[in-house]
Amino acid sequence: MFEIRHKDLKVSTGKLRMECRKILLLIAGLICGNLHAMEITVLSAGAVETGMEKFAHHIKLETGHELKIQFNTAPQIAKRLADGELFDILVSPPAVMERVALEGKIVSETRVAVGRVGVGVTVRDELAAPDISTPKKLEQAVLAADRVVYNQASTGLYMDKLFEKMGLAEQLKGRTQRYANGEMVLEHIINGLGIEIGFGAITEIRRFEGKGLKMVGQLPANLQNWTQYEAVRMTSSAKTEAVDAVLKQITTPSGKAAFSSAGIE
């Protein structure tokens, strides 16, 4: 049997009170942080999907805010906004931004650059990767294919112009397959038959690598088309402070890293 004497106590009453106060302040901070965390709606171009998902994870850790993101092609985004759908943040190519700016739907001074995405070439895993290192080699690869597959959005519009410029438009009539978005293009390539070659955003192709297709490479440098993407607060958003905090994170080193790790330059 033993007894604890007052002089044996190592923690003073004052110190104990101080430690308790620290714990209470920490709990209060966590509670307040959760109360201020918001759900922020985002309408984004699909070409930056992987980067946006990584960025959303970063935002959750840094601010507590949760990004609820819907992805579409640029034409689909324009239609949804024209139909009156409301979001807190818009992520799109500048052409869409300019259009909605004229309609007063965005706060232009909050625009920030997200990055750029180029056009890539893909084939089924089982096929040999064609040489596309020069414009002439790309032309040979396209003409050797049974079918050429690309979308009806930004990438597809560019490919139409490129094939016209290369003098291939007539030769490709009846041999092209178009889809509404990049995901459908890549699913076609994975499940296709014969010699098929696909074109799409580099970021989207990378997302499907290992699922039945492979990245052949980028378009030759002198034929490459880079699509820029920007983010902006929409005038319909009532979460001004939270949205601006999210947009500011895009320009930080860790924010930029989230996008660059997904192939967005």
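Conventions adopted
- Residues numbered from 1 in each chain as written.
- Predicted model: local features only at pLDDT ≥ 70, side-chain atom pairs only at ≥ 80, totals over all residues.
- Heavy atoms only, no water.
- Helix = DSSP H or I, 4+ residues; strand = E, 2+ residues; numbered from the N terminus.
- Buried < 20%, exposed > 50% of the residue type's maximum accessible area, 1.4 Å probe, protein only.
- Contact = heavy atoms within 4.5 Å.
- Areas by Shrake-Rupley, 256 points an atom, 1.4 Å probe, with all protein chains shown as cover.
- Pairing = 2+ DSSP bridges.
- Axes fitted to C-alpha atoms, helices over the stretch in contact; angles between N-to-C directions.
- 1 Å grid on protein atoms, 1.4 Å probe; cavity = no way out; pocket = protein on both sides within 12 Å on 5 of 7 lines; lining within 4 Å.
- Points joined across faces, edges and corners; volume = space filled by probe spheres on them.
- Nonpolar A, V, L, I, M, F, W, Y, C, P; charged D, E, K, R; others polar.
- Phe/Tyr/Trp six-rings, centres within 6.5 Å; stacked < 30°, edge-to-face > 60°.
- Lys NZ or Arg CZ within 6 Å of the ring centre and 35° of its normal.
- Arc of directions from axis to C-beta.
- Salt bridge = Lys/Arg side-chain N within 4 Å of Asp/Glu carboxyl O.

Visitor: Break down the overall build of the protein chain for me, citing the residues and quoting the values.
Guide: When helices and strands are tallied, the protein chain shows ten helices and ten strands. Relative to its full complement of 265 residues, the protein chain shows a buried share of 44%. Pairs at least 24 apart in sequence give 79% of the contacts found in the protein chain among residues at least 6 apart. When the accessible area of the protein chain is evaluated, it comes to approximately 14500 Å², of which 55% is carbon and sulfur surface.

Visitor: So, the sheet that holds strand 3 (residues 89-92): which residues are in play, and what are the values?
Guide: One open sheet accounts for five strands, arranged 2-1-3-10-4; its pairing is mixed. If you trace the sheet from one side to the other, it starts and ends with strand 2 (66-72) and strand 4 (112-117), each paired once. Here the average twist between neighbouring strands, direction ignored, is 20°. Judged from the three bridges that link them, strand 1 (residues 39-45) and strand 3 form a sheet pairing that is parallel. Looking at the pairing, Val-42 lines up with Ile-89 of strand 3. Running over the sheet, helix 2 (residues 49-63) touches strand 1, strand 2 and strand 3 and is turned about 170° from strand 2. Its contacts with the sheet place helix 9 (residues 240-250) against strand 1, strand 2, strand 3, strand 4 and strand 10 (227-233), and it is angled at close to 150° to strand 10.

Visitor: Please provide a residue-by-residue account of the layout of surface pockets, values included.
Guide: In this structure, the largest pocket occupies an estimated 320 Å³ of space. What lines the largest pocket is a set of 25 residues, among which Gly-46, Ala-47, Thr-73, Gly-182 and Glu-204 lie closest to the centre. Breaking the lining of the largest pocket down by element, the ones donating at least two residues are strand 2, helix 3 (74-82), helix 6 (154-165), helix 7 (182-191), helix 8 (202-208) and strand 10. Split into classes, the residues belonging to the lining of the largest pocket amount to nine nonpolar, twelve polar and four charged. Space inside the second largest pocket adds up to approximately 180 Å³. Taken together, Ala-74, Pro-75, Ala-78, Pro-93, Pro-94, Ala-95, Val-96, Arg-99, Ser-154, Leu-157 and Thr-227 make up the full set of residues lining the second largest pocket.

Visitor: Summarise the pairing of strand 5 (residues 119-124); cite the residues concerned and give the values.
Guide: The buried fraction of strand 5 is high, at six of six residues. Across four bridges, strand 5 lies against strand 8 (residues 196-201) in antiparallel orientation. Note that in strand 8 the partner of Gly-120 across the bridge is Gly-200. Taken together, the five bridges between strand 5 and strand 9 (residues 213-218) define a ladder with antiparallel strand orientation. Residue pairing for strand 9: Thr-122 is matched across the bridge by Met-215.

Visitor: Please set out the packing of aromatic side chains residue by residue, giving values where relevant.
Guide: A complete count under the given rule lists three aromatic pairs for this structure. Judged by centre distance (5.8 Å) and plane angle (80°), the ring pair of Phe-163 and Phe-199 falls under edge-to-face. Of this pair, Phe-163 sits in helix 6 while Phe-199 sits in strand 8, and the two are 36 residues apart along the sequence. The burial state of Phe-163 is the same as that of Phe-199; both residues are buried. The ring of Trp-226 carries the charged tip of Arg-116 above its face, separated from the ring centre by 4.0 Å.

Visitor: Outline helix 10 (residues 253-260), listing residues and values.
Guide: Considered for burial, the residues of helix 10 that qualify are Gly-255, Ala-258 and Phe-259. For helix 10, the arc enclosing every buried residue in end-on projection is 95°, short of the 170-degree limit, so these residues lie on one face. Away from its buried face, by an angle of more than 90 degrees, helix 10 presents the exposed residues Pro-253 and Lys-256. Along its buried surface, helix 10 packs onto helix 2, strand 4 and helix 9.

Visitor: Explain the pattern of salt bridges to me, using residue names and the numbers behind them.
Guide: Counted under the stated rule, the structure contains 14 salt bridges. For Glu-139, the salt bridge identified is with Lys-136, shortest N-O distance 3.7 Å. You can see Glu-139 and its partner Lys-136 sitting in helix 5 (residues 135-144), three residues apart, about one turn around the helix. For Glu-139, a relative accessible area of 19% corresponds to the buried category. Ionic pairing is found between Glu-170 and Lys-173, a salt bridge with its closest N-O pair at 3.1 Å. Glu-170 gets classed as exposed once you look at its relative accessible area, which sits at 59%. On the basis of relative accessibility, which here comes to 58%, the residue Lys-173 falls in the exposed class.

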